[in-house]
Amino acid sequence: MTRTTVTPRPQAKTRTERPKLYKVILLNDDFTPRDFVVTVLKGVFRMTEGEALGVMLTAHRRGACVVAVYTREVAETKAQQGTSAGQAAGYPLTFTTEREE
Ligand code: TYC
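Residues numbered from 1 in each chain as written. Predicted model: local features only at pLDDT ≥ 70, side-chain atom pairs only at ≥ 80, totals over all residues. Heavy atoms only, no water.

### Comments concerning the pairing of strand β1 (residues 21-27)
Move 1: The buried fraction of β1 is high, at five of seven residues.
Move 2: Where β1 lies against strand β2 (residues 64-71), seven bridges are found, and the strand directions are antiparallel. Of the residues in β2, the one forming a bridge with Ile25 is Val66.
Move 3: Pairing of β1 with strand β3 (residues 94-99) involves six bridges; the strand directions are antiparallel. Paired with Lys23 across the bridge in β3 is Glu98. (Buried < 20%, exposed > 50% of the residue type's maximum accessible area, 1.4 Å probe, protein only. Helix = DSSP H or I, 4+ residues; strand = E, 2+ residues; numbered from the N terminus. Pairing = 2+ DSSP bridges.)

### Re the site of the ligand
Move 1: Surrounding the ligand, one finds Leu26, Leu27, Asn28, Asp29, Thr32, Arg34, Val37, Met56, Ala59 and His60.
Move 2: One of the backbone nitrogen or oxygen atoms of Leu27 is found 2.8 Å away from an oxygen atom of the ligand.
Move 3: Separating a nitrogen atom of the ligand from a side-chain N or O atom of Asn28 is a distance of 2.8 Å.
Move 4: When the free accessible area of the ligand is taken as 350 Å², the share hidden by the protein chains comes to 88%.
Move 5: Every element with two or more residues in the shell around the ligand is listed here: β1, α1 (34-45) and α2 (49-62). (Near = heavy atom within 4 Å. Polar contact = N/O pair within 3.5 Å; in protein donor to acceptor, adjacent residues only side chain to side chain. Areas by Shrake-Rupley, 256 points an atom, 1.4 Å probe, with all protein chains shown as cover.)

### Let's talk about the pattern of salt bridges
Move 1: Evaluation of the coordinates by the stated rule reveals three salt bridges.
Move 2: In this structure, Lys42 engages Glu49 in a salt bridge whose closest nitrogen and oxygen atoms are separated by 2.4 Å.
Move 3: In this structure, the salt-bridge partner of Glu76 is Arg72, at a minimum N-O distance of 3.1 Å. With Glu76 and Arg72 both in helix α3 (residues 72-88) and four residues apart, this pair spans about one turn of that helix. (Salt bridge = Lys/Arg side-chain N within 4 Å of Asp/Glu carboxyl O.)

### Some details on the environment of Val74
Move 1: Relative to the assigned elements, Val74 resides in helix α3.
Move 2: Relative accessible area serves as the criterion here: at 33%, Val74 is assigned to the partly exposed category.

### Brief notes about the packing of α1 against α2
Move 1: At a closest axis distance of 9 Å, the pairing of α1 and α2 adopts a crossing angle of 125°. Between α1 and α2, the interaxial angle falls into the category oblique. As α1 runs across α2, the sense of the crossing is right-handed. Counting all contacts with α1, which are made through Arg34, Val37, Val38, Leu41 and Lys42, the residues of α2 involved are Glu49, Ala52, Leu53, Val55, Met56, Leu57 and His60.
Move 2: Tallied by class, the residues present in the contact of α1 with α2 amount to eight nonpolar, one polar and three charged. (Axes fitted to C-alpha atoms, helices over the stretch in contact; angles between N-to-C directions. Parallel < 35°, antiparallel > 145°, perpendicular 65-115°, else oblique. Left-handed = near helix turned anticlockwise from the far one by under 90°. Contact = heavy atoms within 4.5 Å. Nonpolar A, V, L, I, M, F, W, Y, C, P; charged D, E, K, R; others polar.)

Written out as structure tokens, the structure is:
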């Protein structure tokens, strides 16, 4: 009978890094119509009407509102898409990103 000896290797510990997260922030302005902001929030950030209304009103009243948190690439892409949608319609609508603490 052939016997095979299997020598276990010391198991290398894999360490999974937590990806850094970035907030997308909606800035208020005096020119973009409220319903346009709501439409962009629904389209780019997949929000319901109610969620979009809440975020828009918070930005309107307080000057800014955190829209969502993503990994860096996704946050920057969505902020760009939202800002571009405003520009394409002639509005100064602005989304920024900020690293989460
Ligand atoms: N302040 C704008 C108005 O009164 C509406 C608005 C809300 C614009 C939120 C931008 O992030 C914003 N028409």
